[in-house]
Amino acid sequence: MPTEKRYCQCCAQVLYGRLDKKFCDEGCRNNFNNQQNSVQNKEIRIINRVLKRNRAILLAFLALEKKPTKVDRECLLLEGFNFRYMTQHGVGSNGQSYQICYDVGLISEQNTNYLIVLAKDVVH
Ligand SMILES: [Zn+2]
(Lines give C-alpha, C1' and ligand atoms only; values in the text may rest on other atoms or scores of the structure.)
Protein backbone atom coordinates (compact mmCIF):
# COMPACT_ATOMS: atom_id res chain seq x y z
CA MET A 1 0.00 0.00 0.00
CA PRO A 2 1.62 3.27 -1.08
CA THR A 3 1.66 5.86 1.66
CA GLU A 4 2.44 9.51 1.28
CA LYS A 5 5.26 10.72 3.45
CA ARG A 6 4.22 13.10 6.18
CA TYR A 7 6.47 15.62 7.89
CA CYS A 8 6.56 17.20 11.32
CA GLN A 9 5.05 20.71 11.16
CA CYS A 10 7.78 21.93 13.48
CA CYS A 11 11.09 20.34 12.45
CA ALA A 12 10.08 18.82 9.07
CA GLN A 13 11.32 15.33 9.93
CA VAL A 14 9.47 12.40 8.40
CA LEU A 15 6.65 11.21 10.62
CA TYR A 16 5.95 7.57 11.37
CA GLY A 17 2.93 6.07 13.07
CA ARG A 18 -0.61 7.34 13.18
CA LEU A 19 -1.88 9.04 10.01
CA ASP A 20 -3.24 12.04 11.89
CA LYS A 21 0.10 12.70 13.58
CA LYS A 22 1.37 16.23 12.91
CA PHE A 23 4.48 16.38 15.12
CA CYS A 24 7.28 13.99 16.10
CA ASP A 25 6.65 14.51 19.78
CA GLU A 26 5.29 16.82 22.46
CA GLY A 27 8.40 19.00 22.25
CA CYS A 28 7.77 19.77 18.59
CA ARG A 29 4.07 20.31 19.22
CA ASN A 30 4.83 22.81 21.99
CA ASN A 31 7.48 24.63 19.98
CA PHE A 32 5.14 24.96 17.04
CA ASN A 33 2.21 26.21 19.14
CA ASN A 34 4.40 28.67 21.07
CA GLN A 35 5.74 30.09 17.85
CA GLN A 36 2.24 30.47 16.38
CA ASN A 37 1.08 32.25 19.53
CA SER A 38 4.03 34.60 19.66
CA VAL A 39 3.44 35.69 16.05
CA GLN A 40 -0.25 36.31 16.75
CA ASN A 41 0.45 38.01 20.06
CA LYS A 42 2.95 40.33 18.40
CA GLU A 43 0.28 41.56 15.96
CA ILE A 44 -2.13 42.08 18.83
CA ARG A 45 0.47 43.91 20.94
CA ILE A 46 1.21 46.31 18.07
CA ILE A 47 -2.47 47.17 17.61
CA ASN A 48 -3.07 47.45 21.36
CA ARG A 49 -0.19 49.90 21.62
CA VAL A 50 -1.75 52.09 18.91
CA LEU A 51 -5.17 51.96 20.59
CA LYS A 52 -3.69 52.86 23.98
CA ARG A 53 -1.79 55.76 22.46
CA ASN A 54 -4.94 56.99 20.71
CA ARG A 55 -6.84 56.82 24.00
CA ALA A 56 -4.08 58.66 25.88
CA ILE A 57 -4.02 61.44 23.27
CA LEU A 58 -7.79 61.94 23.42
CA LEU A 59 -7.82 61.87 27.22
CA ALA A 60 -5.01 64.41 27.34
CA PHE A 61 -7.06 66.83 25.25
CA LEU A 62 -10.12 66.20 27.42
CA ALA A 63 -8.15 66.70 30.62
CA LEU A 64 -6.99 70.11 29.46
CA GLU A 65 -10.51 71.39 28.93
CA LYS A 66 -12.49 69.24 31.40
CA LYS A 67 -15.36 69.22 28.90
CA PRO A 68 -16.02 68.10 25.29
CA THR A 69 -13.14 69.52 23.33
CA LYS A 70 -12.93 70.68 19.74
CA VAL A 71 -9.83 69.63 17.89
CA ASP A 72 -8.85 69.48 14.25
CA ARG A 73 -7.55 66.44 12.45
CA GLU A 74 -4.11 67.93 11.89
CA CYS A 75 -3.70 68.56 15.59
CA LEU A 76 -4.47 64.93 16.42
CA LEU A 77 -2.09 63.69 13.73
CA LEU A 78 0.69 65.88 15.12
CA GLU A 79 0.23 64.21 18.51
CA GLY A 80 0.61 60.79 16.86
CA PHE A 81 -3.06 59.87 16.67
CA ASN A 82 -3.80 56.98 14.29
CA PHE A 83 -7.28 57.20 12.76
CA ARG A 84 -7.12 53.62 11.49
CA TYR A 85 -7.45 52.09 14.93
CA MET A 86 -10.50 52.68 17.07
CA THR A 87 -12.60 50.22 19.02
CA GLN A 88 -16.06 51.23 17.80
CA HIS A 89 -17.80 53.50 15.37
CA GLY A 90 -21.34 54.43 14.48
CA VAL A 91 -23.84 57.16 13.85
CA GLY A 92 -25.50 58.93 16.74
CA SER A 93 -29.20 59.74 17.03
CA ASN A 94 -28.48 63.23 15.71
CA GLY A 95 -26.90 61.79 12.54
CA GLN A 96 -23.32 62.65 13.46
CA SER A 97 -20.82 59.87 13.02
CA TYR A 98 -18.62 58.96 15.92
CA GLN A 99 -15.57 56.81 16.61
CA ILE A 100 -14.79 55.39 20.02
CA CYS A 101 -11.47 54.33 21.50
CA TYR A 102 -12.35 52.35 24.65
CA ASP A 103 -13.99 54.99 26.85
CA VAL A 104 -13.31 58.14 24.88
CA GLY A 105 -14.43 59.14 21.42
CA LEU A 106 -14.49 61.54 18.54
CA ILE A 107 -17.58 63.05 16.99
CA SER A 108 -17.06 64.24 13.42
CA GLU A 109 -17.93 67.85 12.99
CA GLN A 110 -17.81 69.86 9.78
CA ASN A 111 -14.69 69.64 7.60
CA THR A 112 -11.78 68.25 9.56
CA ASN A 113 -12.95 69.13 13.02
CA TYR A 114 -13.75 66.70 15.78
CA LEU A 115 -15.29 66.93 19.17
CA ILE A 116 -13.59 64.78 21.79
CA VAL A 117 -16.08 63.33 24.24
CA LEU A 118 -16.42 60.57 26.79
CA ALA A 119 -17.81 57.43 25.18
CA LYS A 120 -20.60 57.18 27.76
CA ASP A 121 -21.93 60.50 26.50
CA VAL A 122 -22.22 59.16 22.93
CA VAL A 123 -22.95 55.44 23.11
CA HIS A 124 -25.82 54.35 25.29
ZN1 LIG B 1 9.50 17.47 14.88
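Cut-offs used in this document
- Residues numbered from 1 in each chain as written.
- Predicted model: local features only at pLDDT ≥ 70, side-chain atom pairs only at ≥ 80, totals over all residues.
- Helix = DSSP H or I, 4+ residues; strand = E, 2+ residues; numbered from the N terminus.
- Rg over C-alpha atoms; globule rule 2.2 N^0.38 Å.
- Buried ≥ 20, exposed ≤ 12 C-beta atoms within 10 Å, placed from the backbone.
- Pairing = 2+ DSSP bridges.
- Expected span 1.5 Å × (residues − 1).
- Contact = placed C-beta atoms within 7 Å.
- Axes fitted to C-alpha atoms, helices over the stretch in contact; angles between N-to-C directions.

1. A look at the overall build of the protein
Looking only at helices and strands, the protein has two helices and seven strands in total. Sequence-ordered secondary structure for the protein, helices as α and strands as β, is β-β-α-β-α-β-β-β-β. Against the 2.2 N^0.38 benchmark of 14 Å for 124 residues, the protein shows a C-alpha radius of gyration of 24 Å, more extended than a compact globule. Seen through its principal axes, the protein has C-alpha atoms that stretch 75 × 25 × 25 Å. The 124 residues of the protein split such that 15% are buried.

2. Brief notes about unusual backbone geometry
In this structure, alanine 12 is a non-glycine residue whose phi angle is positive, near 70 degrees. Within the secondary structure, alanine 12 is located in the loop between strand S1 (6–7) and strand S2 (14–15). The class of alanine 12 is exposed, set by 10 C-beta atoms lying within 10 Å. Positive phi values are uncommon outside glycine, yet tyrosine 102 reaches one of about 60 degrees.

3. Description of the pairing of strand S7 (residues 113–118)
Where strand S3 (residues 69–72) and S7 come together, four bridges link them in antiparallel fashion. Bridge pairing in S7 places valine 71 opposite tyrosine 114. Where strand S6 (residues 104–108) meets S7, five bridges bridge the pair, whose relative direction is antiparallel. Paired with glycine 105 across the strands is valine 117, a residue of S7. Between the antiparallel neighbours S6 and S7 lie four residues, among them asparagine 111 with a positive phi of about 55 degrees.

4. As for helix H1 (residues 26–65)
The end-to-end C-alpha separation of H1 is 57 Å, in line with the 58 Å expected for 40 residues at 1.5 Å each. The buried fraction of H1 is low, at four of 40 residues. Considered for burial, the residues of H1 that qualify are Asn54, Ile57, Leu58 and Phe61. For H1, the secondary structure elements touched by its buried residues are S3, helix H2 (73–78), strand S5 (97–101), S6 and S7. Phi for lysine 66, located one or two positions after H1, is positive at around 60 degrees.

5. Digging into the sheet that holds S5
Ordered by their spatial adjacency, five strands build an open sheet running S3-S7-S6-S5-S4, and the pairing between neighbours is antiparallel. Two strands lie at the open edges of the sheet, namely S3 and strand S4 (88–91), each paired on one side alone. Strand after strand, the sheet turns through a mean of 25 degrees between neighbouring axes, direction not considered.

6. Observations regarding the environment of isoleucine 107
By the element assignment, isoleucine 107 lies in strand S6. Taking the C-alpha atoms as reference points, isoleucine 107 and glycine 92, separated by 15 residues in sequence, lie 8.9 Å from one another. The contact partners of isoleucine 107, leaving out residues within four places of it in the chain, are Gln96, Tyr98, Tyr114, Leu115, Val117 and Val122.

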